[in-house]
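The lines below spell out each chain.
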Amino acid sequence: MAGIKALISLSFGGAIGLMFLMLGCALPVYDKYWPLFLLFFYILAPIPYCISRRVGDDTDSASNACKELALFLTTGIVVSAFGLPIVFARAEVIAWGACALVLTGNAVIFATILGFFLVFGSNDDFSWQQW
């Protein structure tokens, strides 16, 4: 039953993060939908880590090149997702208030993605790899 509670809380976190993203786009004060390009970053962020978990060998070494590359690519995607709204705000494409809402949504969404891999990442009976 603990897995169901974790899944519900993670879905709630995802909904809150997307709400902040939509508020940064759709409030009548801001009314610009450029920050919706961040949805691509939300989809791309877990892909390198998922691929490295499938492809990488399960050796007990301290470092694995495939895992290190996946973490590097994931870090690049996450940093780009935080940088894009700031670049939009500096170029005056979106307002700074919208940038703050989008950055808040970014923090919540990426914390939710991290929480998903922490909760369901272990190799037990309730693992995401079985899906």
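In what follows, the accompanying structure is described. (Residues numbered from 1 in each chain as written. Predicted model: local features only at pLDDT ≥ 70, side-chain atom pairs only at ≥ 80, totals over all residues. Heavy atoms only, no water.)

A few words on the nonpolar core. Grouped together as the largest cluster of nonpolar side chains are nine residues: L21, L38, Y42, A45, I77, A81, V102, I109 and F110. Going through the elements one at a time, α2 (38-44), α4 (65-90) and α5 (96-120) are the ones with two or more residues in this core. In terms of nonpolar packing, the next biggest core, distinct from the first, is built from five residues, A89, I94, A98 and C99 among them. (Core = buried A, V, L, I, M, F, W, Y, C linked by side-chain atoms within 4.5 Å. Buried < 20%, exposed > 50% of the residue type's maximum accessible area, 1.4 Å probe, protein only. Helix = DSSP H or I, 4+ residues; strand = E, 2+ residues; numbered from the N terminus.)

Here N106 is to be found in helix α5. A polar atom in the side chain of N106 sits 2.8 Å from the backbone oxygen of A81. (Polar contact = N/O pair within 3.5 Å; in protein donor to acceptor, adjacent residues only side chain to side chain.)

For the rest of this paragraph, the subject is the packing of aromatic side chains. Inspection of the entire model under this criterion finds seven aromatic pairs. Ring centres of Y42 and F110 lie 5.5 Å apart, and the angle between their planes is 75°; this geometry places the pair in the edge-to-face category. Here F110 lies in helix α5 and Y42 lies in helix α2, a separation of 68 residues in the sequence. Here the two residues Y42 and F110 agree in accessibility, since each one is buried. Each member of the aromatic cluster is reached from another via a ring pair, and the members are W34, F37, F40 and F88. (Phe/Tyr/Trp six-rings, centres within 6.5 Å; stacked < 30°, edge-to-face > 60°.)

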